[in-house]
Amino acid sequence: MSKLKIEIDYDFCQWSELTEQDKQLIKHAKEAVRNSYANYSHFHVGAALQLHDGRIVIGANQENAAFPSGLCAERAAIFAAQSQAPEQAIDAIAVAAHNEEAFLNDPISPCGACRQVMLEMEDRYKQNLRVLLYGTAGIYVFKSVKDLMPFAFVDENMRK
Ligand code: THU
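All of these numbers come straight from a predicted model, not from anything done at the bench.

Parameters and conventions
Residues numbered from 1 in each chain as written. Predicted model: local features only at pLDDT ≥ 70, side-chain atom pairs only at ≥ 80, totals over all residues. Heavy atoms only, no water. UniProt positions renumbered as here; feature names shortened; annotations may be inferred. Helix = DSSP H or I, 4+ residues; strand = E, 2+ residues; numbered from the N terminus. Buried < 20%, exposed > 50% of the residue type's maximum accessible area, 1.4 Å probe, protein only. Contact = heavy atoms within 4.5 Å. Expected span 1.5 Å × (residues − 1). Near = heavy atom within 4 Å. Polar contact = N/O pair within 3.5 Å; in protein donor to acceptor, adjacent residues only side chain to side chain. Areas by Shrake-Rupley, 256 points an atom, 1.4 Å probe, with all protein chains shown as cover. Pairing = 2+ DSSP bridges. Axes fitted to C-alpha atoms, helices over the stretch in contact; angles between N-to-C directions.

Further remarks concern the UniProt feature "binding site: Zn(2+)" (unreviewed entry) in the protein. The UniProt feature table records "binding site: Zn(2+)" (unreviewed entry) at Cys72, Cys111 and Cys114. With the annotated positions falling across 43 residues, the maximum pairwise C-alpha distance of 8.4 Å places them together in a single cluster. Among the secondary structure elements, cysteine 72 is positioned in the loop between strand E3 (56-60) and helix H2 (73-84). On the basis of relative accessible area, cysteine 72 is assigned to the partly exposed category, the value being 25%. What cysteine 72 contacts, discounting residues up to four positions off in sequence, is Asn61, Cys111 and Cys114. Considering the arrangement of structural elements, one finds cysteine 111 in the loop between strand E4 (90-98) and helix H3 (112-125). Beyond its immediate chain neighbours, meaning those up to four positions away, cysteine 111 contacts Cys72 and Arg75.

Below you can see the structure in the form of structure tokens.
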């Protein structure tokens, strides 16, 4: 038996340490929170995508009385972008969340299903998708979705 270890790299940044482009993307994610329909959880999430051509596409979580019919902000944004501009790679995604009181202190953590969908974008466009997770205490920056989801299932796993 050999014991193996996985290490992941990510940055914890303060607002002042971000580039203008990243600040803009996070601002869009925070604004997208207003479009959340979170009638059941009262947990409002916004996501903003930086498309390769510079466009920004936003999404917000959309809930439903039949709970599984709802969708997270990240997937709402990604599926909107894919439907409108399938030729555009997605360079980055920013996510922000607001509970009943305020934006979260700690960076929001995307669910497993959203990580899987984000990973598919890396596979589809053959490039890394940067992930910016906003919290009022600071921002986590991942250079690739793979760092958020080791041992992920991708197309290649069906071939070898
Ligand atoms: N949610 C998101 O939209 N994104 C996340 O990263 C985590 C959770 C939504 C789903 C649901 O509408 C609410 O937050 C509570 O789980």
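From this point, the narrative continues.
Attention shifts here to H3. Helical periodicity: at 3.6 residues per turn, an α-helix aligns residues three or four positions apart in one direction. Helix length check: H3, at 14 residues, gives a terminal C-alpha distance of 20 Å against a target of 20 Å (1.5 Å per residue), a fit within 8%. Every buried residue belonging to H3 is among Cys114, Arg115, Val117, Met118, Leu119, Met121, Glu122 and Tyr125, and all of these are buried. Where H3 is buried, its residues touch H2 and E4. Positive phi appears at lysine 126, one or two residues downstream of H3, with a value of about 50°.

All right, on to the site of the ligand then. The ligand sits among Ser41, Phe43, Val45, Asn61, Glu63, Cys72, Ala73, Glu74, Ile108, Ser109, Pro110 and Cys111. Taking alanine 73, its main chain carries an N or O atom lying 2.8 Å from an oxygen atom of the ligand. Between an oxygen atom of the ligand and a side-chain N or O atom of glutamate 74, the distance comes to 2.5 Å. Here the ligand has 370 Å² of accessible area as a free molecule, and 76% of this is covered by the chains.

A separate point is unusual backbone geometry. Non-glycine residue histidine 42 carries a positive phi angle of around 55°. The phi dihedral of lysine 126 is positive, around 50°, even though this residue is not glycine.

We now examine the sheet that holds E4. The strand order E1-E6-E5-E4-E2-E3 describes an open sheet built from six strands, whose pairing is mixed. Each edge of the open sheet is held by one strand with a lone partner, namely strand E1 (11-13) and E3. Between one strand axis and the next, the sheet turns through 20° on average, direction left out of account. Note: strand E5 (residues 130-135) against strand E6 (residues 138-142), five bridges, orientation antiparallel. Within the sheet, the bridge partner assigned to glycine 135 lies in E6 and is glycine 138. Helix-sheet contacts for H2 involve strand E2 (44-51), E3 and E4, and the interaxial angle to E2 is about 35°.

With respect to the element layout, cysteine 13 can be found in strand E1. Owing to a relative accessible area of 12%, cysteine 13 belongs among the buried residues under this scheme. Taking the C-alpha atoms as reference points, cysteine 13 and isoleucine 139, 126 residues apart in sequence, are found 5.1 Å from one another.

Look at the UniProt record and you will see "domain: CMP/dCMP-type deaminase" (unreviewed entry) annotated at residues 20-156. Annotated as residues 20-156, this span is 28% helix and 24% strand, and its ends, taken at the C-alpha atoms, are 36 Å apart.

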